[in-house]
Each structure stands twice: as structure tokens, then as C-alpha cells.
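Working through the structure, step by step
Listed below are the residues making up each chain.
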Amino acid sequence: MENKKHKFATKCVHAGEELDLQGGIHIPLYNHSTFGFKTTRDLLDVVEGKKEGNLYTRYGLNPTIKAVEKKIAALEEGEAALAFSSGMAAEAALFLSQCKQGDHIICIGDVYGGTYELLESNLPSAGITTSFLLGNEINNLSNIIKPNTKIIFFETPTNPNLEVLDIQKITTIAKSKNILTAVDNTFASPVNQNPLLLSADIVIHSATKYLGGHSDLTGGFIIASKDIIESIWPWRKNLGQIMSPETAFLLARSLRTLHIRVKTQCETALKIAEFLSSHENVLKVNYPGLVEFEGHQTAKKQMKYFGAMLSFIYNGSAKKTADMVDKLKIFTIAASLGGVESLVTQPITTTHFSMLPEERERRGIKDGMVRISCGLEDADDLIEDLEQAMK
Ligand code: PLP
């Protein structure tokens, strides 16, 4: 059921869904690798693109995968979407499809360690180079754009400093130079912001995080105009990066509750951020919802709530911080985010482990930095847990 006028919660439940042939109330799991036809003409109609149909799962021509793509496209206010086996698969397909040998990418602000590695270490061997700009160097953006710059890529809020980048400001500069803007919306989720409504061209997601929401699947999405999606599709097909039908089915189920999960997680994050701000052993709290936080005004402008991720600098060495983290009883020490269980990590041990210490220092990723992904436990229990660990 598709209706552009529906509000976000209604889209979460109904977008992309149809009664199935037996009257089942949503698209079932079609776990098939291939689909049959009555006649050769029927098959050719699908192969030649004359009729919509199901053909072969690796191509994405599978009803369960198509249904979840329609749902996320509706939630991100995009024309179309592609589902991938992981967030990194989506990013790789994005860069390889939009850039050729000799092209250039600009990456702004902190990004997930894997993204940094892909841009810094892998893509140069395909002749694609990247310039990295810190979030506070945006005024320099126009100066580093080259004639061969094809994509400006960034996350907001960023990982792990939770810096808030002004989406509209960046897309305005990019549009004036005919450059595509791609936003990794994993941290915010479509509950908080829709970059396409702020003139971005492409949204990417690690669906492994909030979209899945239960730490039990790995997936990714790209959402964009039909034309851009058509240009990425052959890359997904031939690199073999399709999301499995089981994952697509699980994801559709998760997305039906996305709005209530993320809203509650954001409310908890604000309470925890306020608690940490007043704690004597905390030097700094990074959370866009705190009025005193640098990115608060921009966050207010472009986000609905303020996200469920936060980080803080503990007053101690890497070892003392690890000892504190080890004392937590409800939080699980883990690298990921976005699930119903609250997770905690020291970025220097996980997401930014492979980054050189000088580069970490330049980006303000301190030894005492702790990143929290707020889950769906009671906020008071989580605060009590932090309190006992920091005693
Ligand atoms: N983008 C962000 C912001 C992430 O945090 C991650 C993973 O942690 C990725 C992309 C990559 O996603 P995946 O692990 O699903 O490949």
C-alpha cells in the first residue's frame, strides 16, 4: 500500500506491503533463487523490461526484496531503493558506479572506519582518489573541489564525535558545481532526518543498525532517484551484492516498528547525555540534543529528535576507561549500534582501531572516549548502571 500523503508511522507499517495471493497481510518470504514462467514470451517480457516481474534473486527481482526496497524508499522520501548484503556493499557499489578511473571524491567529517579504509586504501587501486575534510573545515569545501570531483560523501551526526553537518549547506555548494551529494544516514535513521528532502541526491544506510534494530541481520540500502538507482543496479547485480530474501523479510518486519523504537531510544539518549554532563568524571559529552553542544542549532534545524548515539570523554587513560567500561552490567561491549540492547565501545578499540594515532588525535578521538548506543531498556536502569561503573 503506497500513499505519499501518509505520515511516517503509517508508511513504516504499510509502505511496500500488499496482501499476498493467499490473503496473508504482508509480503511473505520468497526464499527462491529463481522464478518460473509459463511461456518464453512471458520470460522475455521481464528480461526485456517490458513487464515488471520476478526472475532471479541475485538481480533483486524477488518480491520480498522489492517490497522492503519500496518501504525504505517511502521512509526516506526517495523514488527508488536498492537492497544490499551490507552497508559496505552499498557504499562500494555507490562509489564504483558513480566514479571511474581518474575521478575524485570528497569525504567530510568523521566517517565509519570501514568507509575511511575503502576510500583511503581500496579505491585508489581503481584510480579513484579521495580528499578528506574535517567537519570544521567546511568553509574550505569549495577550494578543494576539482573538475573531476564526482561525489561529496558524509555522515551526520558523525561517528564517534556526533558532529552535526549542515546537509542543506553542503548540498547547495555541491549542486552549484554539479556534484552528487551522498549522505550516510545510518546514525540518524529516517526517523530523525531525510537528507533527500534537504537536496541530497543519495542516501545510504547500514541496515545492520537501526533499520534492523535487533542486532540479528546484516544489510544495506541506497535510496535515490530512479535514474541514479538504475545506474547502480548493474553493479549490484554483477558484484553479487544482493540482500538475501530472509534478511529482506526480517528487515520489513523491523521497519514496521522503526518509528516507536527509535523515538524511545532517542528519549533515553537525551536522559543519559544529561546525566553524563553533570558527572564529575566526565570531561565532555557529545550529543546533538544538549543545548550547549556545538551542533545543537543545526541538529534542531534538520533532525526530528537528536539520535540515540552519544559519546563522552572519560577522565582517564585508555586502561582506566576500559576498567570502567568492564564494570557495566546492562550495556554490552560491542562494536555495532542501533539494536534494542544498549551497547558500549571505546572507539580506539573497535571502529577506529586501524586509524593511525596521529589521525585519531587530529579528529579528537581520545583514549578515554566511550561511545554509547542507547537501546530500549529503561533509562533509569541504564543511568544507574553507568553510575555504579564510574564510582
Ligand atoms: N556506515 C556507518 C555509519 C556504520 O556505522 C557502518 C558499520 O558500522 C557502516 C556504514 C557499514 O555497515 P555494515 O557493517 O552493514 O557493512
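Scroll up to find the structure.
Within every chain, residues take consecutive numbers counted from 1 along the sequence as written. The model is predicted, so local features are restricted to residues of pLDDT at least 70 and side-chain atom pairs to those at 80 or more, both for listing and for counting; the totals for chains, interfaces and linings are taken over all residues. The basis for the side-chain values is all heavy atoms of the structure; hydrogens and waters are excluded.

Topic: the sheet that holds strand 9 (residues 309–314)
By definition, two strands form a pair when at least two bridges between them are found by DSSP. Working definition: helices are DSSP H or I runs of at least four residues, strands are E runs of at least two. Numbering for both runs from the N terminus. Read from one edge to the other, the open sheet built from five strands follows the order 8-9-12-11-10, with strand pairing classed as mixed. With partners counted over all chains shown, the strands left at the sheet margins are strand 8 (282–286) and strand 10 (332–333), one partner each. Note: strand 9 against strand 12 (residues 369–373), five bridges, orientation antiparallel. Across the sheet, the residue bridging to Ile313 is Met369, located in strand 12. By definition, residues are in contact when any of their heavy atoms lie within 4.5 Å. Only the contacting stretch of a helix is used when fitting its axis, a line to C-alpha atoms as for every element, and angles between N-to-C directions run 0 to 180 degrees. Across the face of the sheet, helix 13 (residues 318–326) comes into contact with strand 9, strand 10, strand 11 (343–345) and strand 12 while running at roughly 130 degrees to strand 9.

Digging into the pairing of strand 2 (residues 104–108)
Judged by how many residues are buried, strand 2 sits mostly within the fold: five of five residues are covered. Of the two faces of strand 2, the one carrying His104, Ile106 and Ile108 and the one carrying Ile105 and Cys107 are both buried. Pairing of strand 2 with strand 3 (residues 129–133) involves five bridges; the strand directions are parallel. For Ile108, the partnering residue across the bridge sits in strand 3 and is Leu133. Crossover connection from strand 2 via helix 5 (residues 113–122) to parallel strand 3: handedness right-handed. The buried label applies to any residue whose accessible area, calculated with a 1.4 Å probe on protein chains only, is under 20% of its type's maximum; exposed applies above 50%, and partly exposed to all values in between. Call a crossover right-handed when, viewed with both strands pointing away from you, the route from the first strand across the helix to the second goes clockwise.

A short note on the pattern of salt bridges
Here, a salt bridge means any side-chain nitrogen of Lys or Arg that lies within 4 Å of a carboxyl oxygen of Asp or Glu. One pass over the full model with this rule turns up 18 salt bridges. Taking the shortest distance from any N to any O, the salt bridge between Glu17 and Lys71 comes out at 2.9 Å. With Glu17 in the loop between helix 1 (8–14) and helix 2 (40–47) and Lys71 in helix 3 (residues 63–75), the pair connects residues that are 54 residues apart, well separated along the chain. Look at Lys71 and you get buried, because its relative accessible area is 1%. Several salt bridges converge on common partners, so that one network encompasses Arg41, Asp45, Glu48, Lys50 and Lys51.

Observations regarding a negative patch on the surface
What makes a patch is a set of residues exposed beyond 30% relative accessible area and free of salt bridges, joined within 9 Å when like-charged and within 5 Å when nonpolar (Val, Leu, Ile, Met, Phe, Trp, Tyr). Computed with a 1.4 Å probe, the accessible areas rest on the Shrake-Rupley method; for each residue, only the protein chains presented here act as cover. In this count, Lys and Arg are taken as positive residues and Asp and Glu as negative ones, while His and the chain termini are left out. To locate a charge, take NZ of a lysine, CZ of an arginine, CG of an aspartate or CD of a glutamate. A cluster of acidic residues, Asp378, Asp380, Asp381, Glu384 and Glu387, forms a negative patch on the protein surface. Take Glu387: it is sitting in helix 15 (residues 379–390).

Quick look at unusual backbone geometry
Look at the link from Thr156 to Pro157: it is a cis peptide, with omega at -5 degrees. Its place among the elements puts Pro157 in the loop between strand 4 (149–155) and helix 7 (167–176). For the bond from Asn159 to Pro160, the omega torsion is 5 degrees, close enough to zero to count as cis. The phi torsion at Glu77 lies on the positive side, around 60 degrees, for a residue other than glycine. Inspection of the secondary structure puts Glu77 in the loop between helix 3 and strand 1 (80–84). Judged by relative accessible area, Glu77 falls into the partly exposed class, the value being 39%. One non-glycine residue, Leu162, lies in the positive phi region at around 60 degrees. By the element assignment, Leu162 lies in the loop between strand 4 and helix 7. Classification of Leu162 by relative accessible area gives buried; the value is 1%.

Quick look at the packing of aromatic side chains
Note on ring pairs: Phe, Tyr and Trp rings are taken, using the six-membered ring of Trp, and paired if centres are within 6.5 Å. Classes follow the plane angle, with under 30 degrees stacked, over 60 edge-to-face and the rest tilted. In the structure shown here, the tally under the stated rule is four aromatic pairs. Taking the centre distance of 5.5 Å and the plane angle of 85 degrees together, the rings of Tyr56 and Tyr59 count as edge-to-face. Look at Phe95 and Phe153: their rings are 5.3 Å apart centre to centre, the planes differ by 65 degrees, and that puts the pair in the edge-to-face class. One end of the pair, Phe95, is in helix 4 (residues 87–98); the other, Phe153, is in strand 4, and 58 residues separate them in sequence. The residues Phe95 and Phe153 share a single accessibility class, namely buried. Put simply, the rings of Tyr56, Tyr59 and Trp233 touch in pairs and so form one group of aromatic residues. The ring of Tyr112 has Lys209 sitting right over it, with the charged end atom 6.0 Å from the ring centre. One Lys or Arg, Lys237, reaches over the ring of Tyr59 and ends 5.0 Å from the middle of that ring. Whether a charge sits over a ring comes down to the Lys NZ or Arg CZ being within 6 Å of the ring centre and within 35 degrees of the ring normal.

Regarding the state of the cysteines
Criterion for a disulfide: a pair of cysteine sulfur atoms within 2.5 Å. Counting across every chain of the model gives zero disulfides. No disulfide involves Cys107; its nearest neighbouring cysteine sulfur is the one of Cys99, lying 12 Å away.

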